[in-house]
Structure formats: structure tokens, C-alpha cells
Amino acid sequence: MKQIFNSIVDVLFPKVCVGCETILSDNENLLCSYCRFELPRTNHLFEDENSAFKKFYGIVALQKVAALVYFEKNGIVQRSLHQLKYKNAQNLGVLFANMFEDDLNESGFFSHDSCIIPVPLHPKKYKERGYNQIQSFCETLATNHEIDLNTTSLIRKMYNKTQSKKNLMERNTTIENAFGVSAIIPPQKNLILVDDVLTTGSTLIQCVKALQQIPHKSISILTIAYSHS
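What you see is a predicted model, and the numbers here were worked out from it, not measured in a lab.

A. Structural view of the overall build of the chain. Secondary structure summary: the chain contains 10 helices and 7 strands in total. A burial count over the chain gives 48% of its 229 residues as buried. Across the chain, the fraction of contacts at a sequence separation of at least 24, relative to all contacts at a separation of at least 6, is 74%. Looking at the chain as shown, the accessible area adds up to about 12,500 Å², and 52% of this sits on carbon and sulfur atoms.

Structure below.
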């Protein structure tokens, strides 16, 4: 009976690709084979001084910076991250982490002495949204690469409305001193700060400055996407 019901649901409400909205085949999940092939990969993992790394030159000291894919207006990645951020499509975070598991291993981006630190939401924002959009991405990374996930050391002290329509100066002013560190110090030496999209880098810069209060740590940044804007 359950199988019949599921078949009826699939006919009435077929699963479609997040990237192009075509109907997915039985062996496809979230993104169709074409969209997966067409994902605009950055290759940052294999370029030490890539364009993402250079965004932080002369501002904060970082060991590594990488984004997995390029964020293009109205593209596959933008549509996917919109679902992840605003529709709680946490399975997309799992998908991206799993798709790049081999590349992350081959590049040596993580070490045995690394821990993942997601960019945190303010408690009020978390209550409004009900989730942190990068939680599943971070959890899957931690599981796949057998490293710790730390959600307590970096805290967001200030509540800010969306930054998406602000320019760089406005963003920097709005979030200056927005982050801090708790009394819980991660034992790992290598801190991997993780977010969904790297655009101006203003939020990540403030996070790094907060984490630099913890002595004897190296800091790297990993994001799902990189935007040229």
C-alpha cells in the first residue's frame, strides 16, 4: 500500500532538479546529471593563492581559503543555495559535502588536527529561521573527514538584518565587532571557518578577527560558493 501511495505521489508531484527544474529520474537526487556536470567548479582546493585567498590579503592572516563552486546569478549554484538558505533544504548541504569529498581528501585541506567552525547565527536569527543553513554541510564534512565540529567557540553577539543589499563599507560597519569567542577553547590547532557563500568577505573577516583572539591557532576558510561581486 505504501509503495502504491508513493508512486501516486511521484506522478502527481514529481521530484524536480533544483538547478533546472527538469523531472529527476529514479537514480537522480536533488540535481540532475546534467546540472551536476555543469556545476562551475573553482579548483581552489588545488591552488594555494587562488582568487578567494587573495580577497583577504593584507587584512587577516589565513592558512588556506577555498570555495568549491562559483556563484553565478540565476545559475545552478544560486538556485541551490537559495533553497538551502531560505527553504531549509539541508539535504543540499549534504550533497555538496559529499560531491567534493574526494577533492577535499586529495587536496589535504583538512588535517587530523583540524576542527570545523560554522559561521554562527545570532540566537534571535536562529529562532526566526529555525536552522543554520550550513549545519548539514558542516556535519557531513566532519563525518566524512573524521574531524570535530565546533559550534560553541565562535559566537555572534549582534543581531543584524540581511547583508545582501549592502555595499562593502556598509557591511563592514554593520558587523564590526559582531562576533566573539566563548570560554570554550577548541583543542585543535587548525580552525576551519565554514560559510555558504564568499562575496565581499566582510562577515568572514570579522569571524577571523574574533578567532584570532585564541592563541596558537591557524585559521582557514572553506565555503560552498564564491561570488565575484
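B. Molecular detail of unusual backbone geometry. In this structure, Glu-21 takes a positive phi of about 65° despite not being glycine. Its relative accessible area of 62% is what places Glu-21 among the exposed residues. Despite not being glycine, His-216 shows a phi value in the positive range, around 65°. Residue placement: His-216 occurs in the loop between helix H10 (202-211) and strand E7 (218-226). Exposure remark for His-216: the relative accessible area of 73% places this residue in the exposed category.

C. Examining the packing of helix H5 (residues 90-99) against helix H8 (residues 135-145) more closely. Orientation of H5 relative to H8, taken along the N-to-C sense of each, is 35°, at an axis distance of 7 Å. The two elements H5 and H8 cross, and the hand of that crossing is right-handed. Touching Gln-90, Gly-93, Val-94, Phe-96, Ala-97 and Asn-98 of H5 are Gln-135, Ser-136, Phe-137, Thr-140, Leu-141 and Asn-144, all from H8. Class assignment for the residues of the contact of H5 with H8 results in 5 nonpolar, 7 polar and no charged.

D. Quick peek at the side chain of Asn-190. Relative to the assigned elements, Asn-190 resides in strand E6 (residues 190-198). You can call Asn-190 buried: its relative accessible area is 13%. Ignoring sequence-local partners within four residues, the contact set of Asn-190 consists of Gln-63, Ser-111, Asp-113, Ser-114, Cys-115 and Ser-218.

Thresholds applied
- Residues numbered from 1 in each chain as written.
- Predicted model: local features only at pLDDT ≥ 70, side-chain atom pairs only at ≥ 80, totals over all residues.
- Heavy atoms only, no water.
- Helix = DSSP H or I, 4+ residues; strand = E, 2+ residues; numbered from the N terminus.
- Buried < 20%, exposed > 50% of the residue type's maximum accessible area, 1.4 Å probe, protein only.
- Contact = heavy atoms within 4.5 Å.
- Areas by Shrake-Rupley, 256 points an atom, 1.4 Å probe, with all protein chains shown as cover.
- Axes fitted to C-alpha atoms, helices over the stretch in contact; angles between N-to-C directions.
- Left-handed = near helix turned anticlockwise from the far one by under 90°.
- Nonpolar A, V, L, I, M, F, W, Y, C, P; charged D, E, K, R; others polar.

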